[in-house]
Amino acid sequence: MVLVSAARDYVNRMLQDISGMKVLILDSQTVSIVSVVYSQSELLQKEVFLVEMVDSISKSKESMSHLKAVYFLRPTLENIQHLRRQLANPRFGESHLFFSNMLKDTQIHILADSDEQEVVQQVQEYYADFVAIDPYHFTLNIPSNHMYMLPAVVDPPGLQHLCDRIVDGISAVFLALKRRPVIRYQRTSDIAKRIAQETSVKICALHVLSEPFICSLKITAVEKMIYLVNNSSGMQKLMYQQESGLFDFRRTEMSPLLLIVDRRDDPVTPLLNQWTYQAMVHELVGIHDNKVDLSSTGKLPKDQQEVVLSSEQDAFFKTNMYENFGDIGMSIKRMVDDFQQVAKSNQNIQTIEDMAKFVDSYPEYRKMHGNVSKHVTLVTEMSKIVEERRLMLVSEREQDLACNGGQVAAFEAVTNLLNNESVSDIDRLRLVMLYALRYEKESPVQLMQLFNKLASRSPKYKPGLVQFLLKQAGVDKRTGDLYGNRDLLNIARNMARGLKGVENVYTQHQPLLFQTMESIIKGRLRDVDYPFVGNHFQQGRPQDVVIFVVGGTTYEESRSVALQNASNSGIRFILGGSVVLNSKRFLKDLEEAQRIAKSSTNVV
Amino acid sequence: MATRNRTLIFRKYRDALKSVRVPTSSSPSTSSVRGGGGGGGPVIELVSTSLLNPNRKYAPLSTEDPGNSSKGALTVGLPPAWVDVSEEIAANVQRARTKMVELAKAHAKALMPSFGDGKEDQLTIEGLTQDITGLLRKSEKQLKRLAAAGPSEDSNVRKNVQRSLATDLQNLSMELRKKQSTYLKCLRQQKEGQDGDDLEMNLNGGRSIIDDDNLDDMVVESVNELAQIMKDLSVLVIDQGTIVDRIDYNIQNVATTVEEGLKQLQKADRTQKRGGMVMCATVLVIMCAVMLVLLILKTILF
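Residues numbered from 1 in each chain as written. Chains lettered and ligands numbered in written order. Predicted model: local features only at pLDDT ≥ 70, side-chain atom pairs only at ≥ 80, totals over all residues. Heavy atoms only, no water.

Per an unreviewed UniProt entry, chain B carries the name t-SNARE coiled-coil homology domain-containing protein and comes from Salix dunnii. Check the Sequence similarities (unreviewed entry) section of the UniProt entry for chain B; it says "Belongs to the syntaxin family." (UniProt positions renumbered as here; feature names shortened; annotations may be inferred.)

You'll find chain A entered in an unreviewed UniProt entry as Vacuolar protein sorting 45, with Salix dunnii given as the organism. Checking UniProt for chain A, the heading Subcellular location (unreviewed entry) contains the comment "Endomembrane system". The record held by UniProt for chain A lists under Sequence similarities (unreviewed entry) the comment "Belongs to the STXBP/unc-18/SEC1 family."

Below, the structure is given as structure tokens:
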């Protein structure tokens, strides 16, 4: 709830003190930020009667001085330029500027220079710089996400841009939570280290500016005490050392933990096909900012071509988003039956009272009807896709490759599926990738055979993609124990699970994130693998943990986080990523990165 | 939740830059003196700046009024006419709301056991109900006037204002209906209670039948009106939780309709230019000219 309510609070505060008719002006990023937490009808209640994009509004010439302009933008160069043009020829009566992150002084200078007509009434920084798609899951929707796989020398400004956006997003989350975190990062990932360090610098800068961080108050009090004691008694060094223990304890007791990990530590999760509702819709169709675009999947009535899947607004979705496909089918059938009963009773109008009841309950009836049609359409679409691509068969193999051992059997199974005509190209590619990730070292000859077969079967396959993946996320590059075969305890656990059998073959995979969360809960996250930034050190267990995955999160992982939070372990997890991945997006990022890497080596 | 207010710094910069800008913009002779605040402005300022900047040329004082430097201050124009309509509707809605509160009180009073026969209570209730329904009807008619044609930003604002008022109206109608139905239900229960006691009083029996008819009529009437209003408003009201309720969807739609509108306008322009009328007219003029020339030739030759 934290993320969504923080974003909503910010938007409320922006709009509440300004009376009269307003126009809300957003840019392409803030429109996502606002749309997922605020609805159009709520805006209308706040008297915002027009919503525009800052780049299109610059082109129009109509003067609407009876409206007050509320700008909510990211503090980027283009936005400042747009604002300059707007302020030089203002179209609206008043302007109120809100920025989603910190402004540089030069930017304020530029704005002040162009505000000759003095229309700007306030300039504020409201740190809603993340897209809060679920209560414990946020994303940043960064288009140039693939840059994280490339070394810094290839495109330094592009990589810097990516890092800046991520650092801005993460600091906005902590500013919205009003906490100052202790930062840990994955040792083996350069970009994670870079982001951790840059975030630390930015947050320290904020602390120096004495911004409202709760921790800082306590810390300064202790520091003052130390200063007084030092000056009065003269036993300086000794006292400070004694006090520093207290200092640390106080700080770590309240400080949340920020853990920055790299997607390449767990490349398996984005490649797998999903069978729980939200993850499945994203994998097969695609969810963007909680909207699903069904227009490409055949003829649908106009109001079902694009639908909203938000756990905040849809009670049925909220209870069923983490259920697997079979259970969803049952729930939907129940919902349809309920609805049909209501519909039948509505058709059976005989007395005046029935009529009155029908008219009274008509809005709810309409809403229910819309909701039922939406879910039925989605499930029908997904069933169709599952049928076409033989996903039941393919996914069983995938889960086997991800969870169970047995190289020989796996090789045979993958070869069979590659020979199967009805399996699509992308599924073949995924199978080979999963095999390669697991059995990278075990039998190179057979691996080569698979590569060749893949290349011969799939005409659109870009050669070398699997090898590129192995170079990025191979066994030597990974920190975590992805397959549970590195230490004895995990091997024993796997064997026990194999003997016990699993409840559902299709959902047996647990993302690596689950293990990371367990280690954090038990306080056993190894310093060797996940060092601290700077000289911070946290002894106890944190109460709030924000895990940021550079390269993107998946809905399977957000499900893991949500279930973990629901189990009341005393620690609250929040998950964030640069994008939300599905297998298509992950493969696209890989291809982009491979293309750029190839072209840069050609140049060099 | 952390925020930071940058308004003071902004104002400081703005005032500083304004004082720099004012002298340089008011006369052309000062254009050579930039950034240091030369030229027009009070004498004292000029002296001090020339002391501070001995290198600057001494530029003559400008006779222009420095107050003109705000080139063309934004004329806060009057809002367009439809804003008056929307304000009127909003005022009606407010009036209806206050009347609803009175109606609720009247309902409560009428339901309480009393000594009189409650006719005046009934009258006040009927009167209030009719007033409210009248206000809602009037507002609904005026709402239709708010709609505008053509894809412009103004029409989007109007559409949104319409939607917001439609939602308010619909909510009011539903509330009215609910209050009425609970009142009528309570009344019916009371009557049945009374009838149970006075079985022998034929007068009462006669009256209760008539009252039952009245009640039914009232129910039918209110249901009818509510259905009417809801049908008219349902086009305008946004269903919460659907795609239409999303801000980004509405922006996209606006963009596409504006583009569509532009395309249509351009197409219309082109067809009009290419239009048959213009062609015919040009052809006729040419033919007239040709005929005239032939006529002149004929008279000259013969």
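Q: Tell me about the overall build of chain B, and please be specific about residues and values.
A: Per the secondary structure count, chain B includes eight helices and one strand. Listed N to C, the secondary structure of chain B is β-α-α-α-α-α-α-α-α in terms of helices and strands. For chain B, the proportion of its 302 residues judged to be buried stands at 33%. Surface summary for chain B: the accessible area is close to 19,300 Å², and the carbon and sulfur share equals 61%. (Helix = DSSP H or I, 4+ residues; strand = E, 2+ residues; numbered from the N terminus. Buried < 20%, exposed > 50% of the residue type's maximum accessible area, 1.4 Å probe, protein only. Areas by Shrake-Rupley, 256 points an atom, 1.4 Å probe, with all protein chains shown as cover.)

Q: Could you give an account of the overall build of chain A, naming the residues involved and the relevant values?
A: Helix and strand counts for chain A come out as 25 helices and 14 strands. Over its C-alpha atoms chain A spans a radius of gyration of 27 Å, differing by no more than 12% from the 25 Å that the globule rule assigns to 604 residues. Taken over the C-alpha atoms alone, chain A extends approximately 85 × 70 × 55 Å along its principal axes. Counting only residues that meet the buried cut, chain A has 56% of its 604 residues in that class. Of the contacts made within chain A by residues no fewer than 6 positions apart, 81% connect residues no fewer than 24 positions apart. (Rg over C-alpha atoms; globule rule 2.2 N^0.38 Å. Contact = heavy atoms within 4.5 Å.)

Q: Which residues make up the pattern of salt bridges, and what values do they have?
A: In total, this model carries 35 salt bridges over all chains according to the counting rule given. One salt bridge connects Arg6 of chain B with Glu125 of chain A, and the closest N-O pair in it is separated by 2.8 Å. Of this pair, Arg6 of chain B sits in the loop between β1 (3-5) and α1 (7-26) while Glu125 of chain A sits in strand β5 (residues 120-126), which puts the two residues in different chains. An identical accessibility class is assigned to Arg6 of chain B and Glu125 of chain A; each is buried. Counted as one network, the salt bridges with shared partners bring together Arg74, Asp129, Arg165, Asp168 and Lys202 of chain A. (Salt bridge = Lys/Arg side-chain N within 4 Å of Asp/Glu carboxyl O.)

Q: Can you lay out the confidence of the model for chain A for me, pointing to particular residues and giving the numbers?
A: In the predicted model, chain A carries a mean pLDDT of 85, and 90% of its residues have values of at least 70. This model gives residues 210-252 of chain A a pLDDT under 50, and the stretch forms 38 contacts once residues within four places in sequence are excluded. (pLDDT = per-residue confidence, 0-100.)

Q: Pulling in residues and values, what's your account of the confidence of the model for chain B?
A: Residue and element names in this part refer to chain B. Per-residue confidence for chain B averages 74 on the pLDDT scale, and 71% of its residues sit at or above 70. Looking at the elements of chain B, mean pLDDT is at its lowest for helix α2 (residues 43-52), recorded as 40, and at its highest for helix α8 (residues 276-301), recorded as 93. Long-range and interchain partners of residues 26-74, a stretch whose pLDDT sits below 50, account for 44 contacts in this model, where long-range means more than four residues apart. Reported confidence for the predicted complex is 0.78 by ipTM and 0.81 by pTM.

Q: Summarise a nonpolar patch on the surface; cite the residues concerned and give the values.
A: A contiguous nonpolar surface patch, about 1,000 Å² in accessible area, is contributed by Val283, Ile286, Met287, Val290, Met291, Val293, Leu294, Leu297, Leu301 and Phe302 of chain B. Checked against the element boundaries, Phe302 of chain B lands in the segment after α8. (Patch = residues over 30% accessible without salt bridge, like charges linked within 9 Å, V, L, I, M, F, W, Y side chains within 5 Å.)

Q: Residue-level account of a negative patch on the surface, with values.
A: On the surface, a cluster of negative charge is made up of Glu126, Asp213, Asp217 and Glu221 of chain B. Within the secondary structure, Asp213 of chain B sits in helix α6 (residues 202-234). (Lys, Arg positive; Asp, Glu negative; His and termini not counted. Charge placed at Lys NZ, Arg CZ, Asp CG, Glu CD.)

Q: Describe the domain arrangement of chain B, listing the residues and the values that go with them.
A: The assigned domain composition of chain B is domain 1 (81-193 + 211-240) and domain 2 (256-301). Each of domain 1 of chain B and domain 2 of chain B has a C-alpha centre, and the two are 58 Å apart. (Domains from an automatic or database assignment.)

Q: Hey, could you go over the interface of chain B and chain A for me, with residue numbers and the actual values?
A: Taken together, the 61 residues of chain B in the interface contact 75 residues of chain A. Interface of chain B and chain A: buried area, both sides summed, is about 6,000 Å²; carbon and sulfur atoms make up 58% of it. On inspection of chain B and its partner chain A, the count reaches five salt bridges. In this structure, Asp115 of chain A and Arg14 of chain B form a salt bridge, with 2.4 Å as the shortest nitrogen-oxygen distance. Taken together, chain B and chain A are joined by 18 residue pairs in polar contact (both at pLDDT 80 or more). Those elements that provide at least two residues to the side of chain B that touches chain A are β1, α1, α3 (82-111), α5 (153-197), α6 and α7 (247-274) of chain B. In terms of residues, the side of chain B that touches chain A owes the most to one element, α5 of chain B, which gives eleven residues. Split by residue class, the side of chain B that touches chain A holds 29 nonpolar, 15 polar and 17 charged. The pairing of β5 of chain A with β1 of chain B spans three bridges and is classified as antiparallel. Its bridge partner lying in β1 of chain B, Gln124 of chain A is registered against Asn5 of chain B. (Buried area = accessible area lost by both parts, 1.4 Å probe. Polar contact = N/O pair within 3.5 Å; in protein donor to acceptor, adjacent residues only side chain to side chain. Nonpolar A, V, L, I, M, F, W, Y, C, P; charged D, E, K, R; others polar. Pairing = 2+ DSSP bridges.)

Q: Before we move on, could you go through the UniProt feature "transmembrane region" (unreviewed entry) in chain B and cite the residues and values that matter?
A: The UniProt feature table records "transmembrane region" (unreviewed entry) at residues 276-297 of chain B. Annotated as residues 276-297 of chain B, this span is 100% helix and 0% strand, and its ends, taken at the C-alpha atoms, are 31 Å apart.

Q: Pulling in residues and values, what's your account of the packing of helix α18 (residues 407-419) of chain A against helix α20 (residues 444-457) of chain A?
A: Residue and element names in this part refer to chain A. Packing of α18 against α20 leaves a shortest axis separation of 10 Å and a crossing angle of 10 degrees. Regarding the angle of α18 to α20, the classification is roughly parallel. Along the contact surface, α18 presents Gln407, Phe411, Val414, Thr415, Leu418 and Asn419, while α20 presents Gln446, Gln449, Leu450, Lys453, Leu454 and Arg457. When grouped by side-chain class, the residues that make up the contact of α18 with α20 number five nonpolar, five polar and two charged. (Axes fitted to C-alpha atoms, helices over the stretch in contact; angles between N-to-C directions. Parallel < 35°, antiparallel > 145°, perpendicular 65-115°, else oblique.)

Q: Account for the sheet that holds strand β14 (residues 572-577) of chain A, with residues named and values stated.
A: Residue and element names in this part refer to chain A. Sheet architecture is open: six strands sit in the order β6-β7-β14-β13-β9-β8, paired in mixed fashion. Strand pairing shows two members of the sheet lacking a second neighbour, β6 (131-134) and β8 (182-185), which therefore form its edges. Here the average twist between neighbouring strands, direction ignored, is 25 degrees. Against the sheet, helix α23 (residues 512-522) touches β9 (257-262), β13 (544-550) and β14, its axis set at about 140 degrees to β14. Helix-sheet contacts for helix α24 (residues 555-566) involve β6, β7 (137-139) and β14, and the interaxial angle to β14 is about 165 degrees.

Q: Please give an account of the side chain of Gln162 of chain B that cites residues and values.
A: All names here are of chain B. Among the secondary structure elements, Gln162 is positioned in helix α5. Relative accessible area serves as the criterion here: at 7%, Gln162 is assigned to the buried category. Excluding residues within four positions of it along the chain, Gln162 makes contact with Leu143, Lys144, Leu146, Ala147 and Leu236.

Q: Lay out the side chain of Arg263 of chain A with the relevant residues and their values.
A: Residues and elements named next belong to chain A. Along the chain, Arg263 turns up in the loop between β9 and α11 (268-271). Separated by 2.8 Å, the side chains of Arg263 and Glu557 make a polar contact. Those residues in contact with Arg263 that sit more than four places away from it in its chain are Tyr148, Thr269, Pro270, Val549, Val550, Gly551, Gly552, Thr553, Thr554, Glu557, Leu581 and Phe586.

Q: Any chance you could break down the pairing of strand β3 (residues 64-73) of chain A for me, citing the residues and the numbers?
A: Residues and elements named next belong to chain A. Along β3, ten of the ten residues are buried, which leaves the element largely enclosed by surrounding structure. In the sheet, strand β1 (residues 22-26) pairs with β3 via five bridges, with the strands oriented parallel. Looking at β3, one finds that Lys22 is bridged to Lys68. The pairing of β3 with strand β4 (residues 92-99) spans seven bridges and is parallel. Its bridge partner lying in β4, Met64 is registered against Phe92. Handedness of the crossover joining β3 and β4 through helix α5 (residues 77-88) is recorded here as right-handed. (Right-handed = clockwise from strand over helix to strand, strands pointing away.)

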